[in-house]
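Tertiary structure, described
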Amino acid sequence: MMTGKRLIVSALVLALVQIGFLSWIIAGRAAILRDGKQVLLRVEPIDPRDLLRGDYILLGYDISRIPVKLIGNIPAGKLSSEETSIVVRLKQGGDGYWGPTAAWFGQAPAPAASGEADIVGHVSEGWDISQGATTIAPEYGIERFYLPEGEAIAIQNDMRVRPFGIRVAIAANGTAQIKALVDGDKTLFEEPLY
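Residues numbered from 1 in each chain as written. Predicted model: local features only at pLDDT ≥ 70, side-chain atom pairs only at ≥ 80, totals over all residues. Heavy atoms only, no water.

1. A short note on the overall build of the protein chain
What counts is decided by this rule: Here a helix means four or more residues in a row that DSSP labels H or I, a strand means two or more in a row labelled E, and each is numbered from the N terminus. Note on classification: 1.4 Å probe, protein chains only; a residue is buried when its accessible area is under 20% of the maximum for its type, exposed when over 50%, partly exposed between these limits. Contacts are residue-level and defined by heavy atoms, with any inter-residue pair within 4.5 Å sufficient. Per-residue and other accessible areas follow the Shrake-Rupley method at a 1.4 Å probe size, with only the shown protein chains counted as cover for residues.
Helix and strand counts for the protein chain come out as 2 helices and 12 strands. Each helix and strand of the protein chain, placed in order from N terminus to C terminus, yields the pattern α-β-β-β-β-β-β-β-β-β-α-β-β-β. Counting the 194 residues in the protein chain, one finds 38% classified as buried. Of all intrachain contacts in the protein chain linking residues separated by at least 6 positions in sequence, the fraction that spans at least 24 positions is 64%. Surface exposure of the protein chain reaches about 11,300 Å², of which carbon and sulfur atoms provide 58%.

Listed below in structure tokens is the structure:
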């Protein structure tokens, strides 16, 4: 049987471990937002509200549909398996938005050049990636952006008539975090580091 002192010490150690773990997660996200390569992606609204979580916008991007012909290493099975990771190489276009130029399952054969960025996504199981297929739909973990209450519907309606973008910070390993929602040249909402 534990004494009262040992129980208190055990509880304190457990609390410190939990605080350390949460701090590690927050610091990792903040490091991406602070130090990651910034790219601007054109967005397409999908849905503005979740009654349990509040207002948000589900976002689709040009990189949400990757043409199969851009994939440099299609596997022999011609179907994606569960949690297939994909690296999508991005390059900035003349309009300021970044778009896909190449993609690879697993990892890229060479690092991105200085004017490029690699973003890592995941392709769910069962996508046809044979030569006859046209596109696949990776997810990057940046498909949802939360907004102050009451603002999502108006922004979604505006997105249907003029271009909006998401400024994304991409870490060296390809992990992406949403940094800001922009309307043309105007930043509407910016994510805090912490």
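2. A short note on helix 1 (residues 4–35)
Defined as follows: In a helix, the anticipated span is given by 1.5 Å times the number of residues less one.
The first and last C-alpha atoms of helix 1 sit 46 Å apart over 32 residues, in line with the 46 Å expected at 1.5 Å per residue. Residues A30, I32 and L33 constitute the buried set of helix 1.

3. Re the sheet that holds strand 5 (residues 84–92)
Just so we agree on the cut-off: Two strands pair if DSSP finds at least two bridges between them. Axes here mean lines fitted to C-alpha atoms, for a helix over just the part in contact, with angles spanning 0 to 180 degrees between N-to-C directions.
Spatially, 6-5-7 is the arrangement adopted by the 3 strands of the open sheet, whose pairing is antiparallel. Of all the strands in the sheet, just strand 6 (98–105) and strand 7 (116–123) have a single pairing partner and so form its edges. When strand polarity is set aside, the average angle formed by the axes of neighbouring strands in this sheet is 30°. Bridge count between strand 5 and strand 6: 7 bridges; the pairing is antiparallel. Note that in strand 6 the partner of I86 across the bridge is F105.

4. With respect to the pattern of salt bridges
The cut-off we apply is this: Salt bridges, as used here, are contacts in which a Lys or Arg side-chain nitrogen is within 4 Å of a carboxyl oxygen on Asp or Glu.
Counted under the stated rule, the structure contains 5 salt bridges. Close ionic contact of D118 with R89 constitutes a salt bridge, the shortest N to O distance being 2.6 Å. With D118 in strand 7 and R89 in strand 5, this pair connects stretches of sequence that are 29 residues apart. One exposure class covers both D118 and R89, and it is buried. Between R162 and D183 there is a salt bridge; the shortest N-O distance is 2.7 Å. Placement of the pair is R162 in the loop between helix 2 (152–159) and strand 10 (164–170) and D183 in strand 11 (residues 176–183), with a sequence separation of 21 residues. Each member of the salt-bridge network shares a partner with another, and the members are R89, E116 and D118.

By themselves, these observations are geometric and do not establish any function.
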